[in-house]
Amino acid sequence: MNTLREYSKNGGNIVISTGRWPISALKINNDIEEHSGNKNKYLIAMNGANIFDLENNKLIFEKHIDNEIIKNILDYISGSKIAAWIYSKNGIENRIIYSVKIPLKKIISKFNYGKIVELDQSQIDNDLVFKILLMSYHKSLINNVIEWIKKEYDDELSIVKINAKTIEI
């Protein structure tokens, strides 16, 4: 942390850029501010889907996934051994991550500083979804999803492969 403190003291700006949702990203940012002794100006969360101006405490950019695409992805994984977390505007405001087939909810909830609830499609019909995290114990299923998304939505979606069994859209 001495390096961060020195960097900030010399006029450097620290910008946190993470795939985490804003609640978790803000916690990390606050920890860094505390140790660096400097206020950060910007925060990038959910792989760039949200960008915050911290000085003015406002969201300055957001990019959501089209609701029809979300329905198609959920239909594609339906009946498979692929689980999903869905991060939406209303979910973030209420500290909720919507899930499809997620085990170990208590452990995951503590990690994410929020509550995980089983998805009812109506919860996101009139919401803005920023990110979908897909995971499976079966690497081949994740690879199949990646191929399908590239084929169907290459121009509309970005995929980040977290590991062999997890992707973020």
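Residues numbered from 1 in each chain as written. Predicted model: local features only at pLDDT ≥ 70, side-chain atom pairs only at ≥ 80, totals over all residues. Heavy atoms only, no water.

### Describing the overall build of the protein
Scanning the protein from terminus to terminus reveals 7 helices and 10 strands. Expected size for 169 residues packed as a compact globule is a radius of gyration near 15 Å; at 17 Å, the protein falls within 12% of this value. Considered along the principal axes of its C-alpha atoms, the protein spans approximately 55 × 30 × 30 Å. Of all 169 residues assigned to the protein, the portion counted as buried reaches 41%. Of the roughly 9600 Å² that the protein leaves accessible, carbon and sulfur atoms contribute 50%. The averaged location of the 21 negative side-chain charges in the protein is 9 Å from the averaged location of its 23 positive side-chain charges. (Helix = DSSP H or I, 4+ residues; strand = E, 2+ residues; numbered from the N terminus. Rg over C-alpha atoms; globule rule 2.2 N^0.38 Å. Buried < 20%, exposed > 50% of the residue type's maximum accessible area, 1.4 Å probe, protein only. Areas by Shrake-Rupley, 256 points an atom, 1.4 Å probe, with all protein chains shown as cover. Lys, Arg positive; Asp, Glu negative; His and termini not counted. Charge placed at Lys NZ, Arg CZ, Asp CG, Glu CD.)

### Digging into the pattern of salt bridges
Tallying each qualifying case throughout the model produces 5 salt bridges. Across the salt bridge formed by Lys 39 and Glu 33, the nearest N and O atoms sit 3.6 Å from each other. Ionic pairing is found between Asp 125 and Lys 71, a salt bridge with its closest N-O pair at 4.0 Å. In this pair, Asp 125 sits in helix α6 (residues 122–125) while Lys 71 sits in helix α3 (residues 67–77), placing the two residues 54 residues apart along the sequence. Asp 125 gets classed as partly exposed once you look at its relative accessible area, which sits at 30%. Among the residues examined, Lys 71 registers a relative accessible area of 32% and is labelled partly exposed. (Salt bridge = Lys/Arg side-chain N within 4 Å of Asp/Glu carboxyl O.)

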